[in-house]
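Structural overview
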Amino acid sequence: MTKNIYILLFCLLSALVPILAVDVPRGLAFAPSIIGLVFYILYFLVFSAKPQFAKKALWLVLTVLGLSALSLTWAQDFDVSSEKVMKLSLLLPLQLLVISLAVSLKKETLDPYIHYFSYGIVITSLLLSFELLSGGLLFNAIRNVPLDTAVPPAEFNRASILLSLYSFIALTFLKARIKHRFYYLIILIPLFTALCLAESQSAQLSLVIGSIFLFFFPYRSKVAWQALKSIILISMISAVFVTTYIYQNFASDIQQAPMFAQAYAGHRLEIWDFVSRYALQQPLQGFGIEVTRSITDFDSARMFNNGNLVLHPHNFALQIWIEFGLLGILIAMAFIYKMLSMIQNNFTIQQQKYSFLQQWQP
């Protein structure tokens, strides 16, 4: 295999990952891992050299796995938590190889083919639009379900969010390849079509907020960076304490606003309320990884949700709180502060923009 064929195949398969996510969203956990493993091994043969290894990312993987395994000692539901730890131990080390490949492959080597990822995002947008308009025709066909069975639009929420976040880096790759001043329309027209058809307000909101940070955040300002870090970190540690107050005093008014009603804001606040209060029953170490899917006694006011069960809190800070408590949230805050500082200090302004946005992708 020549170097050109190696890079071509790597870029093509990477472009297929978001396309796969539309109808097989769980494939996001496995596809990058398989790609990373295969192409990391092939790197030795193609380049006759050892690829770099992402040591800093290794510390993140080891910390996540270590904390997850440690939580088994206090897990409220050992079976559920141990199953999650097993899955993470299989997937995270392999995804570390993808990051290592990204560090190893040179820009000039990737340049001829990296824009294929942008075309993958365009195809993903078109496929998502087709699935939403057809009621999930391919989604049903893959699962051998009658084709006239309407698939709930929420099944495509993960693909919508992924599409929204990946679109920023796809625009960058396409800009380097196509010099026409309206190059961005190749991505934005199908992207906006798909997101308008989707019911994922999270995807729509991420695109809006991402665009604000892309075009208006003062990346050269140290004060702005310090303010951003402070807001994120304070929000993470205070989330478990303030959500109940917000829910009890503002949820009804917020839900009456049409835009927030469509985003199920009241429903989310209610989930955050009962998850927060449950987390504070064991605030130091939490109840173990993936615990929310096994909890059946959440104290819900049931103002917006008929039941009191939830698979996950729909809030990353509250999920860390209920699973790992103060211990976990402090570790997460340290890593996020470190990543934001690396983006601020180690990259150009243009690199900062897209590195910051990609930090939050699913």
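Computed from a prediction, not measured in an experiment: that's the story for all the values here. (Residues numbered from 1 in each chain as written. Predicted model: local features only at pLDDT ≥ 70, side-chain atom pairs only at ≥ 80, totals over all residues. Heavy atoms only, no water.)

Overview of the side chain of Ser118
Selection criterion: Under the scheme used here, helices are H or I runs from DSSP no shorter than 4 residues and strands are E runs no shorter than 2 residues, and both carry numbers assigned from the N terminus. Classification of residues uses two cut-offs on accessible area relative to the type maximum, computed with a 1.4 Å probe and protein chains only: under 20% is buried, over 50% is exposed, and between them is partly exposed. The criterion used for residue contact is that any of the two residues' heavy atoms lie within 4.5 Å.
Note on placement: Ser118 falls in helix α6 (residues 116-134). The class for Ser118 is buried, based on a relative accessible area of 0%. Those residues within four positions of Ser118 in sequence are excluded, and the remaining contacts are Ala170, Phe173, Leu174 and Ile187.

A word on the nonpolar core
This is how the line gets drawn: What is meant by a nonpolar core is a set of buried Ala, Val, Leu, Ile, Met, Phe, Trp, Tyr and Cys residues, joined one to another through side-chain atoms within 4.5 Å.
Judged by nonpolar contacts, the single largest core of 43 residues is most densely connected at Phe217, Trp225, Met236, Val275, Phe298, Ile322 and Ile329. Here this core gets twelve residues from one element, more than from any other, and that element is helix α14 (residues 316-346). Excluding its chain neighbours within four sequence positions, the residues that come into contact with Trp225 are Phe217, Tyr219, Leu340, Ile343, Gln344 and Gln352. In terms of nonpolar packing, the next biggest core, distinct from the first, is built from 31 residues, Leu127, Ile169, Leu174 and Leu214 among them.

Considering the confidence of the model for the chain
Short version of the rule: The predictor rates its confidence in each residue with pLDDT, a number between 0 and 100.
Per-residue pLDDT for the chain averages 90, and the proportion of residues at 70 or more is 98%. When pLDDT is averaged over each helix and strand of the chain, the minimum, 68, is found for helix α15 (residues 349-358) and the maximum, 96, for α6.

Concerning the environment of Arg26
Turning to its location among the elements, Arg26 is positioned in the loop between α1 (3-23) and α2 (27-47). Judged by relative accessible area, which is 62%, Arg26 ranks as exposed. Remark: the alpha-carbon pair of Arg26 and Lys179, spanning 153 residues in sequence, is separated by 36 Å.

Notes on unusual backbone geometry
Positive phi values are uncommon outside glycine, yet Asn144 reaches one of about 55°. Mapped onto the elements of the fold, Asn144 is located in the loop between α7 (137-142) and α8 (157-177). For Asn144, a relative accessible area of 72% translates into the label exposed. Non-glycine residue Arg302 carries a positive phi angle of around 55°. Tracing the backbone shows Arg302 in the loop between α13 (265-279) and α14. Residue classification places Arg302 among the partly exposed positions, given a relative accessible area of 46%.

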